[in-house]
Amino acid sequence: MIRRALFSILIFAAALLAQDKSDWHREFPAFRIAGNLYYVGTADLAVYLIHTPQGNILINSDYEQDLPLIRASIQKLGFKYNDTRILLISHAHGDHDAATGVIRKETGAKLMMMEPDVAEERSTARGRPGAHVDRILHDGEIVELGGSKLTARLTPGHTKGCTTWTMQVEEGGRRLNAVIIGSPNVNPGYILVGNTKYPQIAQDYVKTFALLKSLPCDLFLGAHGAYFGLKAKYEKMKTGGPNPFIDPDGYRAYVAERENAFHKEWDHQQKSNGS
Ligand SMILES: [Zn+2]
């Protein structure tokens, strides 16, 4: 028993070390990914801008301390922060949504999010945005602005309302399916077996991986740059050639690797509980 507990602590520590936060607040160049889809986030905390003739959609707010970088990135692309009409998030964790209330107030954007994460968004607890939610979304619903359509796919587990955004963008006469993964990760300390606050958590991850595997994907993107190799792909993009963010194989490999990691952790927790 002691050996098993010690092993769990070691695994937990290793997972914590693996969570590299050094890029979270680091400046990163703003750039066009493809079509009317742009990157305006930090070196790891992804923020996406969708430009339309009727204003812009932003996905994720990051932390309040990241807002000066985000505003500057939007401006460098030639767009206006105040033209933000709709604000969306990947999921209700501070690294993606802590500043939603501020952006909403500053720009007048409508905040739209998946129903099971709404309570977290409204919460005024420490670190939570305490934001008013203008539209409550459900799986498969569409957010539309100026001819651009984003589909909200419920991919729960990481949070109950974790959302994967999909959209089509036009690039060089080609239609590309963009997938912005909400999060497939089982964070250190997550309880998959006997979780009283979230009894169906493991079944939700199972459904999420099935859904992610079913999505057509050309542009592989996500809530953190680290999911899809933002830094390396951006460097590659600068050298010309085919768009490195078009990476269906990378998408499939990432989802398969994360599914495997989930099953390993689930098995481990089931064995620990059963003895
Ligand atoms: Zn998270």
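Residues numbered from 1 in each chain as written. Predicted model: local features only at pLDDT ≥ 70, side-chain atom pairs only at ≥ 80, totals over all residues. Heavy atoms only, no water.

A. Region of the structure containing the environment of Glu-144. With respect to the helices and strands, Glu-144 occurs in strand β8 (residues 142-145). Distance in space between the C-alpha atoms of Glu-144 and Lys-207 is 26 Å, their sequence separation being 63 residues. Contacts of Glu-144, omitting those with residues within four sequence positions, involve Ile-86 and Lys-149. (Helix = DSSP H or I, 4+ residues; strand = E, 2+ residues; numbered from the N terminus. Contact = heavy atoms within 4.5 Å.)

B. Looking closely at the nonpolar core. The biggest cluster of nonpolar side chains holds 53 residues, and the ones touching the most others in it are Leu-37, Tyr-48 and Leu-219. Ranked by size, the runner-up nonpolar core spans 21 residues in total, among them Leu-58, Leu-87, Ile-89 and Ala-109. (Core = buried A, V, L, I, M, F, W, Y, C linked by side-chain atoms within 4.5 Å. Buried < 20%, exposed > 50% of the residue type's maximum accessible area, 1.4 Å probe, protein only.)

C. Layout of empty space enclosed by the protein. Scanning all chains against the criterion turns up one cavity of 30 Å³ or more. Considering only enclosed or pocket space, the largest cavity measures out at about 40 Å³ in volume. Every residue along the wall of the largest cavity is listed here: Glu-27, Phe-28, Gly-41, Leu-69, Ala-72, Ser-73 and Lys-76. Of the residues in the lining of the largest cavity, the class split is three nonpolar, two polar and two charged. (1 Å grid on protein atoms, 1.4 Å probe; cavity = no way out; pocket = protein on both sides within 12 Å on 5 of 7 lines; lining within 4 Å. Points joined across faces, edges and corners; volume = space filled by probe spheres on them. Nonpolar A, V, L, I, M, F, W, Y, C, P; charged D, E, K, R; others polar.)

D. Here's a closer look at helix α6 (residues 201-214). The terminal C-alpha atoms of α6, which comprises 14 residues, lie 20 Å apart, in line with the 20 Å expected from a rise of 1.5 Å per residue. Along α6, the positions that sit buried rather than exposed are Ile-201, Ala-202, Asp-204, Tyr-205, Thr-208, Phe-209, Leu-211 and Leu-212. (Expected span 1.5 Å × (residues − 1).)

E. Spatial organisation of the layout of surface pockets. There is about 390 Å³ of room inside the second largest pocket. Considering the residues around the second largest pocket, the lining is formed by 18 residues, among which His-158, Lys-160, Asn-195, Lys-197 and Tyr-198 are closest to the centre.

F. Fine view of the coordination of the zinc ion. At 2.1 to 2.2 Å from the zinc ion lie its protein donor atoms, namely His-91 (NE2), His-93 (ND1) and His-158 (NE2). Each donor residue of the zinc ion lies on the same chain, and together they follow the pattern H-x1-H-x64-H. Of this pair, His-91 sits in the loop between β5 (84-88) and α3 (94-97) while His-158 sits in the loop between β9 (148-154) and β10 (163-171); the two residues are 67 residues apart in sequence, bridging distant segments of the chain. Neither residue differs from the other here; His-91 and His-158 are each classed as buried. (Donors = N, O, S within 2.8 Å, 3.2 Å for Na, K, Ca; no water.)

G. Region of interest: the pairing of β9. Bridge count for β8 against β9 is four bridges, and the pairing is antiparallel. Each residue of the ladder has a partner; that of Val-143, found in β9, is Leu-150. Count of turn residues in the β8/β9 antiparallel hairpin: two residues, of which Gly-146 carries a positive phi of about 50 degrees. Across five bridges, β9 lies against β10 in antiparallel orientation. Among the inter-strand pairings, Leu-154 is bridged to a residue of β10, identified as Thr-163. (Pairing = 2+ DSSP bridges.)

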